[in-house]
Amino acid sequence: MPVQTIPPASSGLVSAPPQAPPCRSWDIFCRVIDNHGDLGVCWRLAVDLAQRGQRVRLWIDDASALAWMAPTGANGVSVRPWAEPSVDDVPGDAVIEAFGCDPPAGFVERMAQRGVAPLWINLEYLSAEAYVARSHRLQSPQWSGPGRGLTKWFFYPGFTPDTGGLLREPGLIERRRLHQAAAGDGAEALVITLFCYANAALPSLLDALVDLPDTAQPGGVRLKVTPGWAATQVVRWLGSTEAPDAGTVVRRGRLDIEFLPYLSQAGFDELLWRSDLNLVRGEDSLVRALWAGRPMLWQVYPQDDGAHLRKLDAFLQRYFGVADGLDMAAVRLDVQQVWQAWNGAESPPSVAQWHRLLAALRGDWCRASEAVCGRLSARPDLTSSLLEFAADHTPERAGAADRLE
Ligand SMILES: Cc1cn([C@H]2C[C@H](O)[C@@H](COP(=O)(O)OP(=O)(O)O[C@H]3O[C@@H](C)[C@H](O)[C@@H](O)[C@H]3O)O2)c(=O)[nH]c1=O
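Residues numbered from 1 in each chain as written. Predicted model: local features only at pLDDT ≥ 70, side-chain atom pairs only at ≥ 80, totals over all residues. Heavy atoms only, no water.

Visitor: Please clarify how the packing of helix 6 (residues 202–210) against helix 7 (residues 229–237) should be interpreted in this entry.
Guide: To describe two helices that pack against each other, one gives the angle between their axes and the distance between the axes. Axis separation between helix 6 and helix 7 bottoms out at 10 Å; the angle between their running directions is 60°. Looking at the two axes, helix 6 sits oblique to helix 7. Seen from above, helix 6 lies across helix 7 with right-handed handedness. In this structure, helix 6 uses Leu202, Pro203, Leu206, Asp207 and Val210 to contact helix 7, whose residues at the interface are Gln233, Val234 and Trp237. The residue makeup of the contact of helix 6 with helix 7, split by class, is 6 nonpolar, 1 polar and 1 charged. (Axes fitted to C-alpha atoms, helices over the stretch in contact; angles between N-to-C directions. Helix = DSSP H or I, 4+ residues; strand = E, 2+ residues; numbered from the N terminus. Parallel < 35°, antiparallel > 145°, perpendicular 65-115°, else oblique. Left-handed = near helix turned anticlockwise from the far one by under 90°. Contact = heavy atoms within 4.5 Å. Nonpolar A, V, L, I, M, F, W, Y, C, P; charged D, E, K, R; others polar.)

Visitor: How do you make sense of the nonpolar core when you look at a structure like this?
Guide: Nonpolar side chains tend toward joint burial in soluble globular proteins. Counting 73 residues, the largest nonpolar core has Leu290, Phe315, Trp339 and Trp365 as its most contacted members. Split by domain, this core shows at least three residues from each of two domains, domain 1 (25–165) and domain 2 (172–373). Not counting chain neighbours up to four residues away, the residues in contact with Leu290 comprise Phe159, Met296, Phe315, Tyr319, Val372, Cys373 and Leu376. Within the second largest apolar cluster, 35 residues are counted, among which are Val41, Ala70, Val77 and Leu119. (Core = buried A, V, L, I, M, F, W, Y, C linked by side-chain atoms within 4.5 Å. Buried < 20%, exposed > 50% of the residue type's maximum accessible area, 1.4 Å probe, protein only. Domains from an automatic or database assignment.)

Visitor: Help me understand the packing of aromatic side chains in this model?
Guide: On inspection of all chains with the given rule, the structure shows 18 aromatic pairs. On the numbers, 4.1 Å between centres and 10° between planes, the contact of Phe99 with Tyr125 is stacked. Highlighted residues: Phe99 in the loop between strand 4 (94–98) and helix 3 (105–113) and Tyr125 in the loop between strand 5 (119–123) and helix 4 (131–135), separated in sequence by 26 residues. A relative accessible area of 16% places Phe99 in the buried class. Measuring from centroid to centroid gives 5.4 Å for Trp153 and Phe389, while their planes differ by 80°, and the two rings are edge-to-face. Linking Trp153 in strand 7 (residues 151–155) with Phe389 in helix 14 (residues 382–392), this pair joins segments that are 236 residues apart in sequence. Connected via pairs of aromatic rings, a cluster forms that spans Phe159, Trp298, Phe315, Tyr319, Phe320 and Trp339. Stacked on the ring of Trp291, the Lys or Arg Arg168 has its end atom at 5.5 Å from the ring centre. (Phe/Tyr/Trp six-rings, centres within 6.5 Å; stacked < 30°, edge-to-face > 60°. Lys NZ or Arg CZ within 6 Å of the ring centre and 35° of its normal.)

Visitor: Would you explain the domain arrangement of the protein chain in this entry?
Guide: The accessible area lost on association of the parts is a frequent measure of interface size. By domain assignment, the protein chain separates into domain 1 (25–165) and domain 2 (172–373). One C-alpha centre belongs to domain 1, the other to domain 2; they are set 31 Å apart. In this complex, domain 1 contributes 17 residues to the contact, which on the side of domain 2 involves 19 residues. Roughly 1700 Å² is buried in total at the junction of domain 1 and domain 2, and carbon and sulfur atoms are behind 57% of that figure. The largest share of the area that domain 1 buries against domain 2 comes from Arg44, Trp68 and Leu126, three residues that together contribute 36% of it. Counting across the domain 1 and domain 2 interface gives 2 salt bridges. (Buried area = accessible area lost by both parts, 1.4 Å probe. Salt bridge = Lys/Arg side-chain N within 4 Å of Asp/Glu carboxyl O.)

What follows is the structure, given as C-alpha cells:
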C-alpha cells in the first residue's frame, strides 16, 4: 500500500495515518439494546478498520437495521450472527466487546486457549465526563470464568487527548467540505434536520418555525423529519395520528415538513452536511453533527436518575471550552439555554429565543461550529488510537517492555 502524503498537523486536516498499520484480524461483538446507536457505532468502526487494511468480523444479535444503515455492506467486514462459535471460529488478534456486551462464553474460552491471547478491549460509551480520562486504558485481569488468565482493557472514546478520541474516517472532513462547497451557499430555504427522543421542547420549535417572519427567512424553512420519535411527535403537533408515508411533504405557512425514510449512514451524514441546523440524539449522531460543522443541538439519551443532565453539562463545558475565543458571543447564552431546554432541564424556549437562534444559523453560530469541528478533528481519531493501542500491545512488544522493567 503506498505511503500517503498528509498535510502538516497544524492545518487540522490530518486524518490518515502516515503508514498503513500491519494487517490484523478483529472481532467486534455488539448487542442491540435499544435504538440504533450500538449498531451504528460498531458498524462505523468495523468499516473504518477494514478500510485501513484490517480484517473484521462483526458479531451481532440483531442485524436487521443494517438493511437500511448499510444496504451495500462493506469490503472487508463480515457480519456474523451472535452465537456460540463453531470449531472454525478462531478468535482474531483483537476482540472488541462493545459497551460491555459480554461475548459468548464459548468464544471467550477460545480466546483463552489461543496460542497468543488476543487483545481484549471493552469499548465504552462516549462521554465528556471526567471519569472517562481516568478510566481509559485501565486493565481488568480475569481471575475466573471462561476468560481466566486474560486481561480486558477499557477503552473510552472522548473529546480530549487523554481519551481514545472520536470516530472519524480518514478524509472525512475534507469530503464533507467539498460536498458543502459543491452544494453552494444557502439554498433558499433554511434546512433543519430533526432526530430526537420524546422531547417536550419540540412543539415550541415547531410553533417558532411557523411564526418565523417573512423578512427573517424569505425562502421559508424545510424541516426534515426522521422516522420514529421525531415523526410521531411532529404528526401529533400537526393534529394527526398517523405518520404519512416517507417522502410526504406537509406545508404549514412557509414551513415545509418532509417525512424521511431511514437513510443509509452515508446518506444520513450527507443530510447533516446539507442542513443549517442539526437536532441530533445519542452519541453517534452527536459526533456526526460535530463533523458536519453546522449548528446543532444534542438530545442526550434520557435516563431516569438524571444522569443524562450530568452528561449534558460535561459535554457543554467541553464544547464551549473548545469554542472559547470564537465569535459567537451574541448567541452563546441563547445556545446554552436552548440546549438545556432541549434536554428538559429548563422550560421550553420562547418563540423569540428560537427566532434569535435561527437568525444566527448562517452567521456566527455556523462559523463557530466549523471552527469547533476544525479544533476537534485535529486530534487523533478513535480507530487510529485503537490501532496504536494494538501495536503497543502485540505480544512481542509487550514482552519486550516487560523485560526492560
Ligand atoms: C435516522 C437515521 C439514523 N442513522 C444512524 C446514525 C447512527 O449511527 C444511528 C443512531 O445512533 P445514535 O445517534 O447514537 O442515537 P440512538 O438514539 O439511535 O442510539 C442511542 O441508543 C441508546 C440505547 C444508547 O444508550 C445511546 O448511547 C445511543 O447510542 O443511526 C442512519 O444511518 N440513518 C437514519 O436515517
